[in-house]
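Structural description and commentary
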Amino acid sequence: MMNGAKIANRWTAAACAAFLFLAVPAVLAKTAKEQGMNGKDIARKLMCQCGCSMVAAECNHVNCPSAPKLIARAQELVERNLTVEQILDEFVEEYGGEHVLSAPPFKGRNRIAYIAPYAGLVLVALLVGMAVIGWTRNRRRADPLAETPEGSPSPGEENGDPHRERMRKELKEYDV
Amino acid sequence: MAEFGKWSLYFAFAVSLYSLAASWLGIVKKRVEYLESARNSALMLFVLTSAATATLLYLLVTHDFRFEYVARYTSSTLPFAYTISALWGGQEGSLLFWLFLLSLFTLGVIVTAKDDAKPLMPYVIPVLTGTASFFLFILCFHTSPFETFPNGQAAIEGRDLNPLLQNPGMFVHPPSLYLGYVGVAAPFAFGLAALMSGRLDTEWMKLSRRWTLLAWLFLTIGNILGGKWAYVELGWGGYWAWDPVENAAFMPWLACTAFIHSVMIQEKRGMLKVWNVTLIILSFELAVFGTFLTRSGVISSVHSFGENTFGIYFLVFLVTSTVFSFGWVLYRLPMLRSENELESAVSRESGFLLNNIVLVGIAGVTCWGTLLPITSEVFKGQKMTAGPDFFNMMNVPMFLILLLLMGIGPLLAWRKTSSSMLLRNFFWPVCLGLGACVPLYLIGWRKPLALVSLGGSAFVLGTIAQEFWRGTVARRRMTGEAPGTAFVSLFRKNMRRYGGYVVHFGTLMIFVGVTASSAYKIEEEKTLKPGESMTAGRYRLTYEKLETETTAHRSVTRARIAVERNGKSVGYSLPEKHFYFKAEQPTTEVDIRSGLMEDLYVVLTAAQEDGQAIITAMVNPLVVWIWAGGGVVVFGTILCMLPGGERRKAAWRKTIQDRGRIEAEKETAGVGL
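Residues numbered from 1 in each chain as written. Chains lettered and ligands numbered in written order. Predicted model: local features only at pLDDT ≥ 70, side-chain atom pairs only at ≥ 80, totals over all residues. Heavy atoms only, no water.

**Observations concerning the overall build of chain A**
Secondary structure summary: chain A contains six helices and zero strands in total. Out of the 176 residues in chain A, the part that is buried amounts to 36%. Carbon and sulfur atoms make up 61% of the accessible area of chain A, which totals about 10700 Å². (Helix = DSSP H or I, 4+ residues; strand = E, 2+ residues; numbered from the N terminus. Buried < 20%, exposed > 50% of the residue type's maximum accessible area, 1.4 Å probe, protein only. Areas by Shrake-Rupley, 256 points an atom, 1.4 Å probe, with all protein chains shown as cover.)

What follows is the structure in structure tokens.
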């Protein structure tokens, strides 16, 4: 049994490790240019504003009024040695909202957009999992001798007839 | 002529309402003659909608520019084939085409109904005619394809069909999707009929099985061809952009896929009855939702028909039909209890259940992302967009789980799988999956998710091969047939099961193609003067010159680019830019050199007046596998739909039963075996 101090120390160490894990990469964040990115790479994270609903790098509408501007501006910001996050923030400011981004940044209330569907899914999976456990428990409780090998008939189906059993096995084997 | 088309629609609307009323009276008063009348009027509906569709086709091919629709979507110089495709190229025409297909499906359902379907038909018919009456209401009172210009005037020339739609793929892609959307109405009608009539055994699923597969087949073809069209026509080098309209077609496909799998649990074990009716309702409502998205203009998309005023009617129809359907589910809840319960968490049933959760989960996430611009504006006051980054981040993990389940599911036994069986069934496929990762890693394909996907695909391939191997060996042992004959006999004996494996194999090919082309795509862009070169992967492209030509319909600017692969000349690449005079719209026509292992995809991004050209070259690995995989899926689905397997299986069961009885008699007589 661990005493309170030991537990506190472990928690402090874990918190420091988490801080380092999160903070160090942020401090050492490389600029887009250092990562070898160009304007077109950044434009994959931006939505074209011509209404085509494609990312700016992939909008290939001839004479598109939006995509070339976005790519050129992204290239300009890459040349200014900004990080990807800074470049995207710059676009949000210039275009007056996050609609210009191809995915909402994972911060603030935006997190709901990412977490909610998975939370719903996990909830459903949990409910189904609980139902499955309930079913299997009910079954064991109802028939404690029902430790049947795989594929064997459920209680009620079995009538003890060896020929029927043999036939069932054959059917199972050739049920291809 | 216009009056004929218009009045055909008005009559059809009246007939659809009459059919509804007659069905209702027939059911309530238990009068067969009313039900017969409802059936006949549903057949009449097909005649009338066919007449209206034929009228619009006639107006299109005769270039009757007195009609707004004809003037908006065709021109006198539009090639004949595209003049035909203008039938579904615009809002009103496509609604009419949709209605025509729905009446065709209704006709099919009525004509093919045998004695076992008769108890459900009084309920099936009103569901289908009720859906048709909604479309007729829109076409008669809100957006008719037979509207003429004021004062009998005619346009001198038409505006032409959108140049992006002037592609051979557009002959098959939209009709396939419409057939898929409309096709879902048939199993939905059977499901709702089962709920309304209280006949909630497996009969409705058996009766609607081929209709479900047919709808799924067309949705699959529509989605695959939509990807092919985007790849060839849009010129951005990809095939799926998670565009709202693409998503709208994908969501019912997912729900329908889940339904096709989960019906097996009800058929085998009498379980998941509520879930099955829920899934078929969901499939239908998602199809309607897709139509709403495409036509309401609430979300902008390159595919949508633009803004209009009748989106609200679609919304009302969507809400009403959902409430009505789920109302019946609630009402019949006591009758929808499972006949059995899960015996083990490690069983085929659990596998299917998990597969269903993932499929519906992907549909849910896709729906969530598609609606994000609207919901974020409502709840956050700021519009957010969900582009490919969002969908890939959210859906890729679930697709990988789905891939693995595709391999795991068939290896699990019904009811319960023992640990020894698990070990026996999974050993070789797992070895193959892990083994496949080694050469991939060695050739430099080391992205973790791609490795999981490709290794997982190898695992699934192993499971499929193992199933065929075991089946063939069992068959040979039983009948002494030659290996080839035994393999073919497997299909003849159980088309549904082995057709399903073929579908899984095709899906696997799609998975491999999507993974490789997404993770290992090479893209280069360069401004070139004549004589200059660029490289993309193992290709070297030398730009020679720009060529131009003009026809009555369009002008063409073409870049002539010499292509070398590994230093050897392989010919010329000729990407083009077109300018359509009537539509005053330019388009990009890419040059694709397709191979089994990779595509060289060359785009003339811009042609400058001084003769310079901006060329984008992409090397997309294994894209052909996606189209070929689509073909395999179609082939497998057709196998699943072929009749005969069940009959042969029943005959085989009878033989075995007879053998068992003879043995029993012998043993009783003391002879033994």
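**Re the overall build of chain B**
Across its full length, chain B carries 19 helices and 10 strands. The C-alpha radius of gyration computed for chain B amounts to 28 Å, which stays within 12% of the reference 26 Å derived for 673 residues, consistent with globular compactness. For chain B, the spread of C-alpha atoms along the three principal axes comes to 100 × 70 × 55 Å. Residues counted as buried form 58% of the 673 residues belonging to chain B. Summarising the internal contacts of chain B: among those between residues at least 6 apart in sequence, 71% fall at separations of at least 24. Accessible surface for chain B amounts to roughly 27600 Å². Of this, 64% is attributable to carbon and sulfur atoms. Here chain B holds 59 positive side-chain charges and 48 negative ones, and the gap between their average locations is 11 Å. (Rg over C-alpha atoms; globule rule 2.2 N^0.38 Å. Contact = heavy atoms within 4.5 Å. Lys, Arg positive; Asp, Glu negative; His and termini not counted. Charge placed at Lys NZ, Arg CZ, Asp CG, Glu CD.)

**Here's the deal with the environment of Arg80 of chain A**
All names here are of chain A. Mapped onto the elements of the fold, Arg80 is located in the loop between helix H3 (67-79) and helix H4 (84-95). For Arg80, a relative accessible area of 47% corresponds to the partly exposed category. Here the alpha-carbon distance between Arg80 and Lys33, two residues 47 residues apart in the chain, equals 8.6 Å.

**Brief notes about unusual backbone geometry**
Residue and element names in this part refer to chain B. Located in the positive-phi region is Lys30, a residue other than glycine, with phi close to 55°. In this structure, Lys30 sits in the loop between helix H1 (2-29) and helix H2 (32-61). You will see that Leu622, though not glycine, has its phi angle at about 55°, which is positive. Considering the arrangement of structural elements, one finds Leu622 in the loop between strand E10 (613-621) and helix H18 (623-641). Of the residues examined, Leu622 reaches a relative accessible area of 6% and is grouped as buried.

**Topic: the packing of aromatic side chains**
According to the stated counting rule, one finds 52 aromatic pairs over all chains in the structure shown. Look at Phe105 of chain B and Trp211 of chain B: their rings are 5.7 Å apart centre to centre, the planes differ by 55°, and that puts the pair in the tilted class. In this pair, Phe105 of chain B sits in helix H5 (residues 91-112) while Trp211 of chain B sits in helix H8 (residues 203-234), placing the two residues 106 residues apart along the sequence. With respect to class, Phe105 of chain B is no different from Trp211 of chain B; both count as buried. Grouping aromatic residues by their ring pairs yields a cluster made of Phe106 and Tyr114 of chain A together with Trp216, Trp240, Trp242, Phe250, Trp253, Phe390, Phe391, Phe399 and Phe511 of chain B. (Phe/Tyr/Trp six-rings, centres within 6.5 Å; stacked < 30°, edge-to-face > 60°.)

**Structural notes on the pattern of salt bridges**
Any two side chains of opposite charge can pair, on the condition that their charged atoms come close. Under the criterion given, the structure shown has 24 salt bridges over all chains. For Glu523 of chain B, the salt bridge identified is with Arg44 of chain A, shortest N-O distance 3.2 Å. Of this pair, Glu523 of chain B sits in strand E1 (residues 522-528) while Arg44 of chain A is found in the loop between helix H2 (39-43) and H3, placing the two residues in two different chains. According to the relative accessible area criterion, Glu523 of chain B is partly exposed, its value standing at 22%. Where salt bridges share partners, they join Lys40, Arg44 and Glu58 of chain A together with Glu523 and Glu525 of chain B into one cluster. (Salt bridge = Lys/Arg side-chain N within 4 Å of Asp/Glu carboxyl O.)

**Regarding the state of the cysteines**
Across all of its chains, the model carries zero disulfides over all chains by this definition. In this structure Cys64 of chain A is not part of a disulfide, and its nearest cysteine sulfur, from Cys48 of chain A, lies 3.6 Å away. Here Cys437 of chain B is not disulfide-linked; the sulfur of Cys431 of chain B is the nearest cysteine sulfur, at 12 Å. (Disulfide = S-S within 2.5 Å.)

**Quick look at the sheet that holds E1 of chain B**
All names here are of chain B. Strand order across the open sheet formed by four strands is E1-E10-E9-E8, with antiparallel pairing between neighbours. Edge strands, defined here as strands with exactly one partner in the open sheet, are E1 and strand E8 (591-594). Put simply, the sheet's adjacent strands are angled 15° from each other on average, direction ignored. Across four bridges, E8 lies against strand E9 (residues 598-607) in antiparallel orientation. When the sheet's bridge partners are listed, Arg593 is paired in E9 with Leu600. (Pairing = 2+ DSSP bridges. Axes fitted to C-alpha atoms, helices over the stretch in contact; angles between N-to-C directions.)

**Section: the packing of H8 of chain B against H18 of chain B**
Residues and elements named next belong to chain B. Remark: H8 packs on H18, axes separated minimally by 10 Å, with the N-to-C direction vectors making an angle of 165°. On the basis of their axis angle, the class for H8 and H18 is roughly antiparallel. Once H8 is placed against H18, the crossing between them reads as left-handed. Contact residues: H8 offers Arg209, Arg210, Leu213, Leu214, Trp216, Leu217, Thr220, Ile221, Ile224, Gly227, Lys228 and Tyr231, while H18 offers Val623, Ile626, Trp627, Gly630, Val633, Val634, Thr637, Ile638, Cys640 and Met641. When its residues are assigned to classes, the contact of H8 with H18 shows 15 nonpolar, four polar and three charged. (Parallel < 35°, antiparallel > 145°, perpendicular 65-115°, else oblique. Left-handed = near helix turned anticlockwise from the far one by under 90°. Nonpolar A, V, L, I, M, F, W, Y, C, P; charged D, E, K, R; others polar.)

**Focus on the pairing of strand E3 (residues 539-550) of chain B**
On any regular strand, side chains alternate: one points to one face of the sheet, the next to the other face. Residue and element names in this part refer to chain B. Relative to E3, strand E2 (residues 533-536) runs antiparallel, the two sharing four bridges. When the sheet's bridge partners are listed, Thr535 is paired in E3 with Arg540. Across 11 bridges, the pairing between E3 and strand E4 (residues 554-565) is antiparallel. Looking at E4, one finds that Tyr539 is bridged to Arg565. In this antiparallel pair of consecutive strands, E3 and E4, the connection spans three residues.

**A few points about the packing of helix H7 (residues 169-197) of chain B against helix H9 (residues 244-269) of chain B**
Residues and elements named next belong to chain B. Interhelical geometry of H7 versus H9 gives an angle of 45° and a closest axis separation of 11 Å. The angle between H7 and H9 places the two elements in the oblique class. In this structure, the crossing between H7 and H9 has a hand that is left-handed. Contact with H7, carried on its side by Leu177, Tyr181 and Val184, involves Ala248, Ala249, Pro252 and Cys256 of H9 and no other residues of that element. When the residues that make up the contact of H7 with H9 are grouped by side-chain class, the tally is seven nonpolar, no polar and no charged.

**A closer look at the nonpolar core**
One finds Leu9, Val124, Phe190 and Trp204 of chain B to be the most contacted residues of the largest nonpolar core, which totals 178 residues. It is H7 of chain B that provides the largest number of residues to this core, a total of 17 residues. For Trp204 of chain B, the residues in contact, after removing those within four places along its chain, are Leu120, Pro187, Phe190, Gly191, Ala194, Arg199, Phe259, Gln266, Asn276, Val277 and Ile280 of chain B. By size, the runner-up hydrophobic cluster in this structure holds 19 residues, among which are Met37, Leu77, Leu88 and Val100 of chain A. (Core = buried A, V, L, I, M, F, W, Y, C linked by side-chain atoms within 4.5 Å.)

**Here's the deal with the environment of Val346 of chain B**
All names here are of chain B. Along the polypeptide, Val346 turns up in the loop between helix H11 (311-331) and helix H12 (348-380). Val346 sits 73 residues away from Ser419 along the chain, and the two C-alpha atoms are 9.3 Å apart. Setting aside chain neighbours within four positions, we find Val346 in contact with Leu412, Lys416, Thr417 and Leu422.

**Digging into H4 of chain A**
All names here are of chain A. The terminal C-alpha atoms of H4 lie 17 Å apart, and with 12 residues this matches the ideal 16 Å at 1.5 Å per residue to within 8%. Those residues of H4 hidden inside the fold are in contact with H2 and H3. After H4 finishes, the residue Gly96 shows a positive phi value of roughly 70°. (Expected span 1.5 Å × (residues − 1).)

**Considerations on the pairing of strand E5 (residues 568-573) of chain B**
Residues and elements named next belong to chain B. As paired elements, E4 and E5 share five bridges and run antiparallel to each other. Considered in E5, the bridge of Arg565 is made with Lys568. Here E4 folds back onto E5, and the loop between the two strands holds two residues, one of which, Asn566, carries a positive phi near 50°.

**Considering helix H17 (residues 495-519) of chain B**
Helix length check: H17 of chain B, at 25 residues, gives a terminal C-alpha distance of 36 Å against a target of 36 Å (1.5 Å per residue), a fit within 8%. Counting buried residues along H17 of chain B, 19 of its 25 residues qualify, which places the element largely inside the surrounding structure.

**As for a nonpolar patch on the surface**
All names here are of chain B. Together, Ile312, Leu315, Val316, Val319 and Val323 line one region of the surface with nonpolar side chains, adding up to about 430 Å² of accessible area. Among the secondary structure elements, Val319 is positioned in helix H11. With relative accessibility at 48%, the residue Val319 sits in the partly exposed group. (Patch = residues over 30% accessible without salt bridge, like charges linked within 9 Å, V, L, I, M, F, W, Y side chains within 5 Å.)

**Examining the side chain of Glu547 of chain B**
Residue and element names in this part refer to chain B. Position of Glu547 relative to the elements: it lies in strand E3. For Glu547, the side chain forms a polar contact with the side chain of Arg560, separated by 2.6 Å. When residues no more than four places from it in sequence are discounted, the contact partners of Glu547 are Val556, Thr557, Arg558 and Arg560. (Polar contact = N/O pair within 3.5 Å; in protein donor to acceptor, adjacent residues only side chain to side chain.)

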